[in-house]
Amino acid sequence: MAITKTQENDKIEVVNKWNIQVRCASIIKEDGKELTRSFSRKVLVPGTLKGGDGADKDTLVETDLSSEDADVKAIAESAWGVGTVKADYTAFLVANKSTTP
Amino acid sequence: MALSTINSSGIKDDSIVNADIKSDAAIAKSKLASLDLVNADINASAAIALSKLASTPAVLTGSTNNQITTVTSANAIQGEANLTFDGSKLLINTTTEGAANADDLTIATTGTTGITIRSGDTNTGNIYFSDATTGTGEFAGAVEYSHDGDSLRLHANGNERFRISSDGNAKFVNNLGVGNVDSGGATLNVNGNVSVSAGGNTAWSKVSLSGSGNSSGDDFSINNWGDAEGDYWSIGVNSTANQSGSHAKTNDAKRSVGVLLDGRMGRMILQTSQTSTATIDSTHTWDRGGDYTLTGNINLADTKGINFATTSDAGGMTSELLDDYEEGTWTPTVGTVSSGNTSGEYTKIGRLVHIKGFVAWSSHSNTGTDNVVFGGLPFTPAGVGYLYLGDSRWINLDSSHYSLGIFANSSGINFKENGDNTNAQNLIWSQLGNDTFMGFSGFYHV
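Predicted, not measured: the structure shown is a model, and the values here were computed from it.

Reading the values: rules and limits
- Residues numbered from 1 in each chain as written.
- Chains lettered and ligands numbered in written order.
- Predicted model: local features only at pLDDT ≥ 70, side-chain atom pairs only at ≥ 80, totals over all residues.
- Heavy atoms only, no water.
- Helix = DSSP H or I, 4+ residues; strand = E, 2+ residues; numbered from the N terminus.
- Buried < 20%, exposed > 50% of the residue type's maximum accessible area, 1.4 Å probe, protein only.
- Contact = heavy atoms within 4.5 Å.
- Areas by Shrake-Rupley, 256 points an atom, 1.4 Å probe, with all protein chains shown as cover.
- Core = buried A, V, L, I, M, F, W, Y, C linked by side-chain atoms within 4.5 Å.
- Pairing = 2+ DSSP bridges.
- Polar contact = N/O pair within 3.5 Å; in protein donor to acceptor, adjacent residues only side chain to side chain.
- Salt bridge = Lys/Arg side-chain N within 4 Å of Asp/Glu carboxyl O.
- Buried area = accessible area lost by both parts, 1.4 Å probe.
- Axes fitted to C-alpha atoms, helices over the stretch in contact; angles between N-to-C directions.
- pLDDT = per-residue confidence, 0-100.
- Phe/Tyr/Trp six-rings, centres within 6.5 Å; stacked < 30°, edge-to-face > 60°.
- Arc of directions from axis to C-beta.

Some remarks on the overall build of chain B
Here is step 1 of the chain: Helix and strand content of chain B: zero helices and 36 strands.
Here is step 2 of the chain: The buried share of chain B, taken over its 446 residues, is 24%.
Here is step 3 of the chain: Here the analysis covers contacts within chain B between residues at least 6 apart in sequence; of these, 35% occur between residues at least 24 apart.
Here is step 4 of the chain: Summing over all exposed atoms, chain B offers an accessible surface of approximately 29000 Å²; the carbon and sulfur share of this is 50%.

Side note on the nonpolar core
Here is step 1 of the chain: Counting residues in hydrophobic clusters, the biggest one holds 27 residues, and the most contacted among them are B:Ile355, B:Phe374, B:Ile413, B:Phe415, B:Leu432, B:Met438 and B:Phe440.
Here is step 2 of the chain: When residues of this core are traced back to their parent elements, those giving at least two are β2 (19-30) of chain A together with β29 (352-360), β32 (385-395), β33 (401-409), β34 (412-419) and β36 (432-445) of chain B.
Here is step 3 of the chain: If you tally residues by element for this core, the top one is β36(B), at four residues.
Here is step 4 of the chain: Excluding residues that lie within four positions of it along the chain, B:Phe415 makes contacts with B:Val372, B:Phe374, B:Leu404, B:Gly405, B:Ile406, B:Gln425, B:Asn426, B:Leu427 and B:Met438.
Here is step 5 of the chain: Of all hydrophobic cores here, the second largest spans 15 residues; its members include A:Ile20, A:Leu44, A:Leu60 and A:Ala79.

Considerations on the pairing of strand β1 (residues 3-15) of chain A
Residues and elements named next belong to chain A.
Here is step 1 of the chain: Pairing geometry for β1 and β2, over 12 bridges, is antiparallel. Across the sheet, the residue bridging to Gln7 is Ser26, located in β2.
Here is step 2 of the chain: From the end of β1 to the start of β2, which pair antiparallel, there are three residues, and Asn16 there has a positive phi angle of about 55°.

Quick notes on the side chain of B:Asn224
Residue and element names in this part refer to chain B.
Here is step 1 of the chain: Structurally, Asn224 is set in strand β16 (residues 220-227).
Here is step 2 of the chain: Within the local environment of Asn224, its side chain forms a polar contact with the side chain of Lys206, the two groups lying 2.4 Å apart.
Here is step 3 of the chain: Those residues within four positions of Asn224 in sequence are excluded, and the remaining contacts are Gly200, Asn201, Thr202, Lys206, Asp231, Tyr232 and Trp233.

Examining the environment of B:Val446
Residue and element names in this part refer to chain B.
Here is step 1 of the chain: As for its position among the elements, Val446 is in the segment after β36.
Here is step 2 of the chain: Its relative accessible area of 33% is what places Val446 among the partly exposed residues.
Here is step 3 of the chain: Taking the C-alpha atoms as reference points, Val446 and Pro381, separated by 65 residues in sequence, lie 4.8 Å from one another.
Here is step 4 of the chain: Look past the residues within four positions of Val446 in its chain and what remains in contact with it is Lys348, Arg351, Val353, Phe379, Thr380 and Ala382.

Quick notes on the pattern of salt bridges
Here is step 1 of the chain: For the structure shown, the criterion picks out 19 salt bridges over all chains.
Here is step 2 of the chain: Among the salt bridges present, the one from A:Lys50 reaches A:Asp56, with a minimum N-O distance of 2.6 Å.
Here is step 3 of the chain: Residue A:Lys50 is classed as partly exposed on the basis of its relative accessible area of 45%.
Here is step 4 of the chain: The exposure class of A:Asp56 is partly exposed, given its relative accessible area of 30%.
Here is step 5 of the chain: Ionic pairing is found between B:Lys348 and B:Asp324, a salt bridge with its closest N-O pair at 2.8 Å. Taken together, the residues span a long stretch of sequence, with B:Lys348 in strand β28 (residues 341-349) and B:Asp324 in the loop between β25 (321-322) and β26 (325-330) at a distance of 24 residues.
Here is step 6 of the chain: Taking the relative accessible area as the measure of exposure, B:Lys348 reaches 8% and is therefore buried.
Here is step 7 of the chain: Overlapping salt bridges, with partners in common, bring together A:Asp10, A:Glu13, A:Arg23, A:Glu34, A:Arg37, A:Arg41 and B:Glu326 in one network.

Things to note about the interface of chain B and chain A
Here is step 1 of the chain: In this assembly, 24 residues from chain B lie in contact with 22 residues from chain A.
Here is step 2 of the chain: Taking both partners together, chain B and chain A bury about 1700 Å²; carbon and sulfur atoms supply 44% of that area.
Here is step 3 of the chain: Taken together, chain B and chain A are joined by two salt bridges.
Here is step 4 of the chain: Among the ionic pairs, B:Glu326 bridges to A:Arg23, the shortest N-O distance being 2.7 Å.
Here is step 5 of the chain: There are seven residue pairs in polar contact (both at pLDDT 80 or more) connecting chain B and chain A.

Here's the deal with the sheet that holds strand β23 (residues 292-294) of chain B
Residue and element names in this part refer to chain B.
Here is step 1 of the chain: Judged by pairing direction, the sheet is antiparallel, and its seven strands sit side by side in the order β15-β16-β17-β20-β21-β22-β23 without closing on themselves. Both edges of this open sheet fall to β15 (207-209) and β23, since each of them pairs with a single strand only. Neighbour-to-neighbour, the strand axes of this sheet turn through a mean angle of 20°, independent of strand direction.
Here is step 2 of the chain: As defined by bridge partners, strand β20 (residues 256-262) adjoins strand β21 (residues 267-273) across seven bridges and the pair is classed as antiparallel. Residue pairing for β21: Leu260 is matched across the bridge by Ile269.

Comments concerning unusual backbone geometry
Here is step 1 of the chain: For A:Asp31, which is not glycine, the phi dihedral falls at a positive 50°.
Here is step 2 of the chain: A residue is classified by how much of its surface remains accessible, and A:Asp31, at 52% relative accessible area, is exposed.
Here is step 3 of the chain: Here the phi dihedral of B:Asn238 falls at roughly 55°; this positive angle occurs in a residue that is not glycine.
Here is step 4 of the chain: For B:Asn238, a relative accessible area of 2% translates into the label buried.

Looking at the confidence of the model for chain A
Low-pLDDT portions of the prediction should not be read for the details of their coordinates.
Here is step 1 of the chain: For chain A, mean pLDDT is 88; residues scoring 70 or higher make up 94% of the total.
Here is step 2 of the chain: Highest mean pLDDT in chain A belongs to helix α1 (residues 70-80) of chain A (96); lowest belongs to strand β4 (residues 47-49) of chain A (86).

Brief notes about the side chain of B:Asn426
Here is step 1 of the chain: Topologically, B:Asn426 is positioned in strand β35 (residues 422-426).
Here is step 2 of the chain: The class of B:Asn426 is buried, set by a relative accessible area of 17%.

What to know about the packing of aromatic side chains
All names here are of chain B.
Here is step 1 of the chain: Counted by the stated rule, this structure contains 15 aromatic pairs over all chains.
Here is step 2 of the chain: A centroid spacing of 6.5 Å and a plane angle of 85° characterise the contact between Trp361 and Phe374, whose relative ring orientation is edge-to-face. Linking Trp361 in the loop between β29 and β30 (363-364) with Phe374 in strand β31 (residues 373-374), this pair joins segments that are 13 residues apart in sequence.
Here is step 3 of the chain: Note on Trp361: relative accessible area 3%, which makes it buried.
Here is step 4 of the chain: Chaining the aromatic ring pairs together yields one cluster made of Trp330, Trp361, Phe374, Phe415, Trp429 and Phe440.

Concerning α1(A)
Residues and elements named next belong to chain A.
Here is step 1 of the chain: Listed in full, the buried residues belonging to α1 are Val72, Ala76, Ala79 and Trp80. Along the axis of α1, the buried residues cluster in a sector spanning 90°; they form a single face.
Here is step 2 of the chain: Where α1 is buried, its residues contact β1, β2, β3 (33-44) and α2 (85-95).

Details of the environment of B:Gly340
Here is step 1 of the chain: Here B:Gly340 shows up in the loop between β27 (337-338) and β28.
Here is step 2 of the chain: Once the C-alpha coordinates of B:Gly340 and B:Val359 are considered, the two residues, 19 residues apart in sequence, prove to be 7.3 Å apart.

As structure tokens, this is what we get:
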């Protein structure tokens, strides 16, 4: 009887051009037969505004993808590298700085 | 002088010739030197025994006049027992030939009529259909009965095509079309209904279709069992339906599947089995009351779900498809903190996402004038979702504001200070001190 646990990103979705929704599945198997599967999620965005009081406060500080899994990294770089996605996202952040719900 | 008289008184002359002998004289055969008879010597009405002939000709006996035929004209005979041959057609017991395409030999009676071909007990009796005088054309078609094993065989194009064996089994050598159709390339092509009428309970399948042959038990079978309450029918692969409603695998090493159409109980059951076991489980059951029971999960294809379109609708309804359920964890991102402790859980039902989160730190170094925004939501909100703080420490609200609103939108979790007769304003990092923690939960849509 062998118990194994693996993790895999079983869903990587691009939402609203810049949101990368990632679902990581933790799978526990006994002798190759799956016993349980649980999920952990996160959403990656292209970056954050630098902030502060400087002139460059609305500059986008890009999200560091170096610690992400290769499949997530590839999709994020692909989605964010298209056209004006990063610029659009930056404009979105600036526009929503004072968002009132 | 010649003698003219022979009588009891004496012979008058020694020179006797035929003329001297009286016509009714009785001369003993011993007195004659020889008797050399020719046909002219025999009386027309003489009755000569057959045994007196030099050779005995074939003769007929036992008939009306002991002659079977009479020549009635050139190449034509008339049999004394209704046998007629006109040179091309032979009629037996009739003077009326058969239909034009089968009139060369006609046999008739007023009752059952037949022809017998008797042959050796290890030989065959044959009727050949020929269109040639040599070669296989002499027996292009044939009806053959073999007494060696007792089988009836039909031949076409010089080869056997159909056989009925002594045990009553029959086989076609090639394909069969039934219902006025060609086989169409199939071994059996039926243009019409198929009825398997061997009733009763049997451990053997009523219908069995052979599988690939790569493993035992790969046949597809149909069988039934029943009693006064009704029948159930079963279809299955690697599954045999036996009496009393039991199922068994043919090959325990392989998986199996079977469907029971249980007319006795008014239900349908899907039965399956894993490898290396004889155990068969009823994994899906559809009852007569409309209930459906399964022992596993329902796995829906992406974008598919449970449709409630047949239920009543509320005004403003935009969808009745429940297409997702998911639960898991997420990790709020809170910028740069020390001794951070963040965790979260989520449950998604359809488009509704419920999140629960906890964040804490001993200190942070985020820019004090920046708005406080937590990231890492498990799903991107489609609009604004309202959350609430269950508990919090070390949040320094502006003196003109008395409460903290918290909501999720596409940029993350945002915080607004709300005041009395004043505008709401964003919570900024300088308002969060050391040892801050927040526990929050709420809903949003995707």
